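What the coordinates show
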Amino acid sequence: MTRPPRTLVLPPRLTASARTLRAAALRRGLRIVEATASAVPEGLDGPGWAGWPEGAGPDASSGAAGDAEAAGSSGAVGNAEAAGNSGAAGNAEAAGSAEAAGNTAGEAPSVHLHAGPSFADVVAPALGIALLEAPADWLARLPRALTRREILALPIGEAYRLRRPAFVKSPNDKGVPALVYADGSRLPGPDAVDPETVVLVSDVMTFTAEYRLHLLDGTVHAAGQYAESGRLRLGPAGGDALAFGREVLAAAGETLPSAIVVDVGRDDTGRWAVIEANAAWASGCYSADPDRALDTVLRAAGPATGLSPHDRGFVR
């Protein structure tokens, strides 16, 4: 008896990272379905979707680069995404292995998603997908030993009173651009953002190197460098970055869903700090192993009916 084929849903415009993950999913035997219209049709076989069966579809280059996908890093990186293999961890599955073929009676197909928050918020409920993310105040609740700076989670209406430079961002989407603001008067005003909208306000910290960690089931499942001194730089994650990731998991792993992305960095004095947490389903893989990054995406945005008791507390 075979399992129903899994489906990965993608938005109309693909970043380089999304193309890389699409290629990894096709190698694994997933069906790929891409939206081709702004409206969300009923079901995946409607006229607003284009799909390829397992193992078919256009050839996506895993070395593509140049698509901007803002991740809200506290550095100045514009998140030009590029993909490639990372030496952080071995391959999750050999390329070309098939997920499944055909349908199994009585078992519904498994539908997953990789997209930005705006698209995901519309599509996921219609397809029964549960989107996992960190709590809005997760970063603010971390011990100072892990953040190396003061971080507050508060309504943007309160942040308007800031009279000093601060790094401000939305916790889990791009509603408030992640920037260093000279003071609260420079933030988006009440005509653009509801004053009750929660934002993260942190001391400004400069990182000499930044790394993205793809966390799965309490382990650093994949990792890679994405920035150096505020500029895009792709490369493997060294042992120190992986060790700090394990330290974060040991201290705060139970406060995160089973699949999530956490960015960490090192400052010019050698101190390590957590930069932020991002939803895996909306995050680029940069230089991490795309097959292992795909593992985190599939868990982070999959059927709501398959959620573990732990993950039910982290649904967007």
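Everything below is about the structure shown above.
Now for a description of the structure that goes with this document. Note that the structure is predicted; figures quoted are calculated from it, not measured.

Moving on, we come to the nonpolar core. If you look at the biggest cluster of nonpolar residues, it comprises 27 residues, and the most contacted ones within it are Trp138, Leu215, Val262 and Val274. Breaking this core down by element, the ones donating at least two residues are helix H3 (138-141), strand S12 (209-216), strand S13 (219-228), helix H6 (239-252), strand S15 (259-266) and strand S16 (272-278). The element contributing the most residues to this core is H6, with 6 residues. Setting aside chain neighbours within four positions, we find tryptophan 138 in contact with Val248, Ala252, Thr255, Leu256, Val262, Val274 and Ala277. If you look at the next biggest cluster of nonpolar residues, it comprises 20 residues, including Leu113, Ala124, Leu216 and Ala301.

The side-chain alternation of strand S9 (residues 166-169) yields two buried faces, one formed by Ala166 and Val168 and the other by Phe167 and Lys169. The pairing of S9 with strand S10 (residues 179-181) spans 3 bridges and is antiparallel. Each residue of the ladder has a partner; that of alanine 166, found in S10, is tyrosine 181. Where S9 meets strand S11 (residues 198-202), 3 bridges bridge the pair, whose relative direction is antiparallel. Looking at the pairing, valine 168 lines up with valine 201 of S11.

Cut-off values and rules
Residues numbered from 1 in each chain as written. Predicted model: local features only at pLDDT ≥ 70, side-chain atom pairs only at ≥ 80, totals over all residues. Heavy atoms only, no water. Core = buried A, V, L, I, M, F, W, Y, C linked by side-chain atoms within 4.5 Å. Buried < 20%, exposed > 50% of the residue type's maximum accessible area, 1.4 Å probe, protein only. Helix = DSSP H or I, 4+ residues; strand = E, 2+ residues; numbered from the N terminus. Contact = heavy atoms within 4.5 Å. Pairing = 2+ DSSP bridges.

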